[in-house]
Amino acid sequence: QKPLRLGFLGKEWERKGGPFVLSVAEALQRIGIPAVVRAIGPSVQALPDSPLLQPLGFISKRTEMAEFVREVSSWHFGTLFSSYEAFGISNRECFRLGIPVLAPATGGIPSTFTGPGCGYLFEAHPSVESVSDWIRQQLTPYSRYLGLRSELADRRTEFSWIAAAQQLQEILG
């Protein structure tokens, strides 16, 4: 009853794959799935004019954490179709809130996915059709998607800064 929300988080719209995500929303529309892209970070002036793009500007996690959490929690999928990325903090922020992420298996992005249920890692340069088709499959039946979210939410402590510090401590001995 509401459009599917693809989330974009980051200041660099082009490098982090914003145009690709917008193309995925357009492809979903063509196959009968209403979709929008909710973008946190980029300046509104830097974004294309599209009825499917809902720019939110910058939301400070330091001073507007409740608003940030409310927004990201409303997404169906986070996205990070970056042309290069050392890690992908935005993925971990989504996982922490129980939001699966769609991303390519490039650079350091795969290291943010710690097992099944985190969303989906596509090949390095996926087609818009393969991403939109994967989303369609996850939504039918919708209970499958809800299960994915529920399982990820059950693992939220795995994605905390405390867990990351503990893992680093174990590595460093």
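Note: the structure precedes this text.
Residues numbered from 1 in each chain as written. Predicted model: local features only at pLDDT ≥ 70, side-chain atom pairs only at ≥ 80, totals over all residues. Heavy atoms only, no water.

**Focus: helix α3 (residues 89–96)**
Then step 1. Among the eight residues in α3, six count as buried, and that is most of the element.
Then step 2. Ser 90, Asn 91, Arg 92, Glu 93, Cys 94 and Phe 95 are the residues of α3 that are buried.
Then step 3. Where the residues of α3 are buried, they touch β1 (4–9), α2 (65–73), β4 (77–79), β5 (101–104) and α5 (142–154).
Then step 4. Just beyond α3, the residue with positive phi is Gly 98, at close to 80°. (Buried < 20%, exposed > 50% of the residue type's maximum accessible area, 1.4 Å probe, protein only. Helix = DSSP H or I, 4+ residues; strand = E, 2+ residues; numbered from the N terminus. Contact = heavy atoms within 4.5 Å.)

**A closer look at the packing of aromatic side chains**
How two aromatic rings sit relative to each other is set out by the distance from centre to centre and by the angle between their planes.
Then step 1. Under the counting rule described, the total for this entry stands at eleven aromatic pairs.
Then step 2. With a centroid separation of 5.2 Å and 85° between ring planes, the pair formed by Phe 95 and Phe 113 is classed as edge-to-face. Residue Phe 95 is found in helix α3, and its partner Phe 113 is found in the loop between β5 and β6 (119–122); the two are separated by 18 residues along the sequence. This pair shows no difference in class: Phe 95 is buried, exactly as Phe 113 is.
Then step 3. Centroid distance Phe 122 to Trp 134: 6.1 Å. Interplanar angle 80°. Geometry classified as edge-to-face. Remark: Trp 134 occurs in helix α4 (residues 128–139) and Phe 122 occurs in strand β6; sequence separation between them is twelve residues.
Then step 4. Phe 122 gets classed as buried once you look at its relative accessible area, which sits at 3%.
Then step 5. Given the relative accessible area of 12%, Trp 134 is considered buried. (Phe/Tyr/Trp six-rings, centres within 6.5 Å; stacked < 30°, edge-to-face > 60°.)

**Focus: the environment of Leu 121**
Then step 1. Looking at where Leu 121 falls in the secondary structure, it is placed in strand β6.
Then step 2. The spatial distance from the C-alpha of Leu 121 to the C-alpha of Val 101 is 8.3 Å, given a sequence separation of 20 residues.

**Re the pairing of β5**
Then step 1. Of the two faces of β5, the one lined by Val 101 and Ala 103 and the one lined by Leu 102 and Pro 104 are each fully buried.
Then step 2. Sheet topology places β4 next to β5; two bridges connect them, and they run parallel. Looking at the pairing, Thr 79 lines up with Leu 102 of β5.
Then step 3. The handedness of the β4 to β5 crossover, carried by α3, is right-handed. (Pairing = 2+ DSSP bridges. Right-handed = clockwise from strand over helix to strand, strands pointing away.)

**Details of a nonpolar patch on the surface**
Then step 1. Taken together, the side chains of Leu 168, Ile 171 and Leu 172 make up a nonpolar region of the molecular surface, amounting to roughly 370 Å² of accessible area.
Then step 2. Along the polypeptide, Leu 168 turns up in helix α6 (residues 161–172). (Patch = residues over 30% accessible without salt bridge, like charges linked within 9 Å, V, L, I, M, F, W, Y side chains within 5 Å. Areas by Shrake-Rupley, 256 points an atom, 1.4 Å probe, with all protein chains shown as cover. Salt bridge = Lys/Arg side-chain N within 4 Å of Asp/Glu carboxyl O.)

**Points about the sheet that holds β1**
Then step 1. Ordered by their spatial adjacency, six strands build an open sheet running β3-β2-β1-β4-β5-β6, and the pairing between neighbours is parallel. Strands at the two margins of the open sheet, each flanked by one partner only, are β3 (53–57) and β6. Strand-to-strand, the axes of this sheet are offset by a mean angle of 25°, without reference to chain direction.
Then step 2. Examined bridge by bridge, β1 and strand β2 (residues 35–40) share six bridges and lie parallel to one another. Bridge assignment links Leu 9 to a residue of β2, and that residue is Ile 40.
Then step 3. With respect to the sheet, α2 is in contact with β1, β2 and β3, its orientation differing from that of β2 by roughly 155°. (Axes fitted to C-alpha atoms, helices over the stretch in contact; angles between N-to-C directions.)

**Details of unusual backbone geometry**
Then step 1. Omega for the peptide link from Thr 140 to Pro 141 comes to 0°, which places this bond in the cis form.
Then step 2. Assignment of secondary structure puts Pro 141 in the loop between α4 and α5.

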